[in-house]
Amino acid sequence: MGRDIVSAKLDVIFKKLFTENSDLLHSFVASMLDIPPESIKEITISNPELPPETVASKFSRLDLSLNVDDKLVNVEIQVKTDTDYRDRTLFYWAKLYTSELKSGEDYGSLKQTITINIINFNMFEGEDYHTEVAAMIKGRNEVFSDKFSMHFFELKKISKNPKTSREQWLQFINADSEEDFEMVEATSMPIIQKAVKVIYDMSEDTKIRELARLREKALHDEASALRQAKEEGRAEIIEKMKASGMTEEQINAILSLN
């Protein structure tokens, strides 16, 4: 039986891993943005702490806010399917974009703002695991503003045979078991092999394992609460349909369309 290994796919582990290991963070950000690591002069973490009240609570979100040279970057892991995710990440992008504009400053001082969204569900059509969203002028192949940038990485589309550093990092994040991490170790570059060692060390720490347990419980509780709310809403709709005189066959036909 393999060891019980914590996964970087769990947002609290992801955040702890990268806030406490700057070399891993530099390599990861460079790979996700497809830029040379040496081109990044400085990364500052704006929110390094893990607030205990959010780790164990339902409907909480953990992300990593960074200043990368003169850019604002937000990294988020989303494990559970979220039908409102596009609107939510757009909302967070907008908040981050305006967050450093001080009173009296001109709009030209607003910084390029980038979101890196690592999602454990399929959101876009096609087989490509990476989707980049930019602000383009409709009908012309022209960028409206390079200050808007969103990257989505769909973990379920990652190849088992990574060829680039970006794919190797995503394979590492996607790993759930000791067998998965052994595969990552065997094929990856040294910096990711170090990341695997850090994960192994974290897995031996009882406090970190408890942190992971509490977070997983909160995510399960959240999923259960949302499912229950959906079921209650569906039951209420059915009752209203029956009260209006609709037959069971008509109700089933309408509900099957949604």
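Before any of the text, the structure's been laid out above.
Each residue is numbered by its place in its chain's sequence as written, counting from 1. Local features in this predicted model are restricted to residues of pLDDT 70 or higher, and side-chain atom pairs are both shown and tallied only at a pLDDT of 80 or more, whereas totals for entire chains, interfaces and linings draw on every residue. Heavy atoms from the whole structure form the basis of all side-chain values; hydrogens and water molecules are not counted.

Caption draft 1: Here's a closer look at the nonpolar core. Core analysis: the largest hydrophobic core is formed by 50 residues, its most contacted members being F28, I118, F172 and I199. Beyond its immediate chain neighbours, meaning those up to four positions away, F28 contacts F14, F18, V75, I118, W169 and I173. Of all hydrophobic cores here, the second largest spans 12 residues; its members include M123, A135, M150 and F152. By nonpolar core we mean a set of buried residues, namely Ala, Val, Leu, Ile, Met, Phe, Trp, Tyr and Cys, connected to one another through side-chain atoms within 4.5 Å. Exposure classes here rest on a 1.4 Å probe applied to the protein chains alone. A residue is buried below 20% of its type maximum, exposed above 50%, and partly exposed in between. Contacts were defined at the residue level, with two residues in contact if any of their heavy atoms lie within 4.5 Å.

Caption draft 2: View of the pairing of strand β3 (residues 71–78). Across the eight residues of β3, seven count as buried, placing the element largely inside the fold. In this structure, strand β2 (residues 63–68) lies alongside β3, joined through six bridges in antiparallel fashion. When the bridges of β3 are listed, N67 appears paired with L72. Adjacent in sequence and paired antiparallel, β2 and β3 are bridged by two residues, among which D69 carries a positive phi angle near 55°. A run of DSSP states H or I qualifies as a helix once it reaches four residues; a run of E qualifies as a strand once it reaches two. Both are numbered from the N-terminal end. In this description, strands pair whenever DSSP reports at least two bridges between them.

Caption draft 3: Quick peek at the environment of S203. Relative to the assigned elements, S203 resides in helix α7 (residues 190–203). Taking the relative accessible area as the measure of exposure, S203 reaches 3% and is therefore buried. Remark: the alpha-carbon pair of S203 and I13, spanning 190 residues in sequence, is separated by 10.0 Å. There is a polar contact of 2.8 Å between the side chain of S203 and the backbone oxygen of I199. Polar contact criterion, stated in full: a pair of N or O atoms within 3.5 Å, where within protein one must be able to donate a hydrogen and the other to accept it, and residues adjacent in sequence count only if both atoms are side-chain atoms.

Caption draft 4: Broad picture of the pattern of salt bridges. Should a side-chain nitrogen of Lys or Arg be within 4 Å of a carboxyl oxygen of Asp or Glu, the pair is scored as a salt bridge. Under the definition given, this model contains 11 salt bridges. Note that R215 and D11 form a salt bridge whose closest N and O atoms lie 2.6 Å from each other. One end of the pair, R215, is in helix α8 (residues 206–243); the other, D11, is in helix α1 (residues 11–19), with 204 residues separating them in the sequence. Judged by relative accessible area, which is 1%, R215 ranks as buried. E76 is the salt-bridge partner of R88, the closest N and O atoms lying 2.9 Å from each other. A residue pair is termed long-range when its members are at least 10 positions apart, and R88 in helix α4 (residues 85–98) and E76 in strand β3 qualify at 12 residues. No difference in accessibility class separates R88 from E76, as the two residues are buried. Here the residues in one salt-bridge network are D70, E100 and K111, joined through shared partners.

Caption draft 5: Fine view of the packing of aromatic side chains. Note on aromatic contacts: the rings of Phe and Tyr and the six-membered ring of Trp form a pair at centre separations within 6.5 Å, being stacked when their planes are under 30 degrees apart, edge-to-face when over 60 apart, and tilted otherwise. Per the stated rule, a full pass over the model turns up 14 aromatic pairs. Relative to F172, the ring of W169 has its centre 5.7 Å away and its plane inclined at 85°; by these criteria the two rings are edge-to-face. Linking W169 with F172, this pair stays in helix α5 (residues 165–174), spanning three residues, or about one helical turn. This pair shows no difference in class: W169 is buried, exactly as F172 is. Site record: aromatic cluster; members linked through ring pairs are F14, F18, F28, W169, F172, F181 and Y200.

Caption draft 6: Structural context of empty space enclosed by the protein. Computed over the protein atoms alone on a 1 Å grid, cavities are sets of points where a 1.4 Å probe fits but cannot get out and pockets are open sets with protein on both sides within 12 Å along at least five of seven lines; a residue lines them when it has an atom within 4 Å of a point. Grid points are joined across faces, edges and corners, and a volume is the space filled by probe spheres set on the points. Applying the stated criterion across every chain yields a total of one cavity of 30 Å³ or more. The space that makes up the largest cavity amounts to roughly 40 Å³. Lining the largest cavity are D11, F14, K15, L62, D63, L64, V75, E76 and I77. When residues of the lining of the largest cavity are traced back to their parent elements, those giving at least two are α1, β2 and β3. Here the residues of the lining of the largest cavity are counted per class, giving five nonpolar, no polar and four charged. The classification used treats Ala, Val, Leu, Ile, Met, Phe, Trp, Tyr, Cys and Pro as nonpolar, Asp, Glu, Lys and Arg as charged, and all other residues, Gly among them, as polar.

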